Amino acid sequence: MDLSYTPEEEEFRARLREWLAKALPTLPAKPPPDDWPGRRAYDLGWQRMLHDAGYADVHWDASPTMRLIFLEETERAAAPYVGANFVGLLHAGPTIAAEGTPEQRARWLPPILRGDEVWCQGFSEPDAGSDLAALRTRAWRDGDDYVVSGSKIWTSHAEVADWCELLVRTDPQAPRHQGITWLAMPMDADGITVRPLRTLAGSAEFAEVFLDEVRVPAGNRVGAENDGWRVTMVTLSFERGTAFVGEVVACRRVLGELARTARQNGRWDDPVLRRRLGRLNAEFRALWRLTQWNVSEAEASGSVPGVGGSVFKLSYSHARQELYDTAAEALGPDGLDLDRPWVLDRLSSLSYTIAAGTSQIQRNIVAERILGLPKGR
């Protein structure tokens, strides 16, 4: 497989790099981590800059390889991350682009790309996290609406979102993986209560969401009624396959900074630390090549990542945790100072083997769909 870039792709990289060098110095100061209204405004402002420069549509209208180059270059330039736009740009938007009607794509995709609207993800429930098919939030049809009651947890950016990609059970008598429907729910509808959740790192980008007979227009259904599990697999393929690409580049940058820090504070003399840094360097280089392979596969299969995304997500989650454990070793006593770089990252890295499907779930997917092993009982 040819993993090299074409002249057209390299020209795109050079043009993007030049624009980033001019645009980034004009950004305002970034708000504090827990000021989510301020973060929303900052993140949407950056998205509008990308839109006006002609780069917003790389998430859907460009090839997966162009997307890869975009994420690589913006991360290397230390450009703002998607932040509050995460669900809309990397989950809901690509799903609507792949599965939505022309009217739905016209309604929801331009506002996401322009930085006008924020989405949150309403998948997990208190008793349906990794076992997502166990979800119990109920929706029943009433005329032109679905009426939704239930609750969601770990709902990313719910407190500042305009829309929610919501999974509901529309046929409680159907088998577990059937009877599920994917809805776009307006977050200003009556009957929605949002309660922010504070994480170990002290941030509050997640929330509980309680739904009390919330009316969602039937026209907001993406895919057919009771076909939501298949649509959800499209969403999760993007979440596991390409959503973490920029973070791999960030981890490779952190690895180099860790080596420099260890040389400055004397920790470089520890041969065990040097071996860990060397092995992590090899692992992240391999993950980058795996990313390129997954992107090439996506291009060949219609731009939807395949099950190789589960291999990537499984490996990346554990490599990220080890990276920041190694950072604590390199920092020594400073590894307990929450104001030092990488310390809060170490706390947040603990969630990566749970978020977007636990490592156990990813191992099951790899075993069953790639290795062809029988399903567990």
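### Thoughts on the packing of aromatic side chains
Piece 1. If you walk through the whole model with that rule in mind, you get eight aromatic pairs.
Piece 2. Measuring from ring centre to ring centre gives 6.2 Å for Y81 and F86, while their planes differ by 40°; the resulting arrangement is tilted.
Piece 3. Its relative accessible area of 34% is what places Y81 among the partly exposed residues.
Piece 4. For the ring pair W119 and W163, a centre distance of 5.9 Å and an interplane angle of 25° mean the geometry is stacked. Highlighted residues: W119 in strand β1 (residues 119-122) and W163 in strand β4 (residues 163-169), separated in sequence by 44 residues.
Piece 5. Its relative accessible area of 0% is what places W119 among the buried residues.
Piece 6. Judged by relative accessible area, W163 falls into the buried class, the value being 10%.
Piece 7. Members of the aromatic cluster, joined through ring pairs, are F12, W19, W46 and Y55.
Piece 8. Here R39 stacks its cationic end above the ring of W36, 4.6 Å away from the centre of that ring.

### Quick look at the nonpolar core
Piece 1. Ranked by internal contacts, the top residues of the largest apolar core, which has 28 residues, are I96, W108, W119, L167 and W182.
Piece 2. Elements that contribute at least two residues to this core include exactly α4 (86-99), α5 (102-114), β4, β5 (180-186) and α6 (228-241).
Piece 3. Counting residues per element, this core draws most heavily on α4, which supplies six residues.
Piece 4. When sequence neighbours within four positions are dropped, the list of residues in contact with L167 reads G122, F123, L132, L135, T137, K152, I180, T181, W182, G228 and T232.

### Comments concerning the environment of Q47
Piece 1. The residue Q47 is located in helix α2 (residues 36-53) in this model.
Piece 2. By relative accessible area, which is 2% here, Q47 ends up buried.
Piece 3. The spatial distance from the C-alpha of Q47 to the C-alpha of R114 is 6.4 Å, given a sequence separation of 67 residues.
Piece 4. Non-local contacts of Q47, meaning those with residues more than four positions away in its chain, are made with A56, N85, L89, I112, L113, R114 and G115.

### Quick notes on the side chain of N85
Piece 1. For N85, the location among the structural elements is in the loop between α3 (64-76) and α4.
Piece 2. Assessed through its relative accessible area of 4%, N85 is described here as buried.
Piece 3. A polar atom in the side chain of N85 sits 3.1 Å from the backbone oxygen of D43.
Piece 4. Setting aside residues up to four positions removed in sequence, N85 forms contacts with D43, L44, Q47, L90, E117 and V118.

### Some details on the pairing of strand β2 (residues 138-142)
Piece 1. Bridge count for β2 against strand β3 (residues 145-152) is five bridges, and the pairing is antiparallel. If you follow A139 over to β3, its bridge partner there is V148.

### Looking at helix α1 (residues 7-23)
Since the α-helix packs 3.6 residues into each turn, any two residues three or four apart lie on the same face.
Piece 1. Helix length check: α1 (17 residues) gives 24 Å between terminal C-alpha atoms against 24 Å at 1.5 Å per residue, within 8%.
Piece 2. Among all positions in α1, only E9, F12, R13, L16, W19, L20 and A23 are buried. Down the axis of α1, the buried side of the element spans an arc of 135°, and every buried residue falls inside it. Opposite the buried face of α1, at more than 90 degrees from it, the exposed residues are P7, A21 and K22.
Piece 3. Structurally, α1 contributes buried residues whose contacts are with α2 and α3.

Reading the values: rules and limits
- Residues numbered from 1 in each chain as written.
- Predicted model: local features only at pLDDT ≥ 70, side-chain atom pairs only at ≥ 80, totals over all residues.
- Heavy atoms only, no water.
- Phe/Tyr/Trp six-rings, centres within 6.5 Å; stacked < 30°, edge-to-face > 60°.
- Buried < 20%, exposed > 50% of the residue type's maximum accessible area, 1.4 Å probe, protein only.
- Helix = DSSP H or I, 4+ residues; strand = E, 2+ residues; numbered from the N terminus.
- Lys NZ or Arg CZ within 6 Å of the ring centre and 35° of its normal.
- Core = buried A, V, L, I, M, F, W, Y, C linked by side-chain atoms within 4.5 Å.
- Contact = heavy atoms within 4.5 Å.
- Polar contact = N/O pair within 3.5 Å; in protein donor to acceptor, adjacent residues only side chain to side chain.
- Pairing = 2+ DSSP bridges.
- Expected span 1.5 Å × (residues − 1).
- Arc of directions from axis to C-beta.

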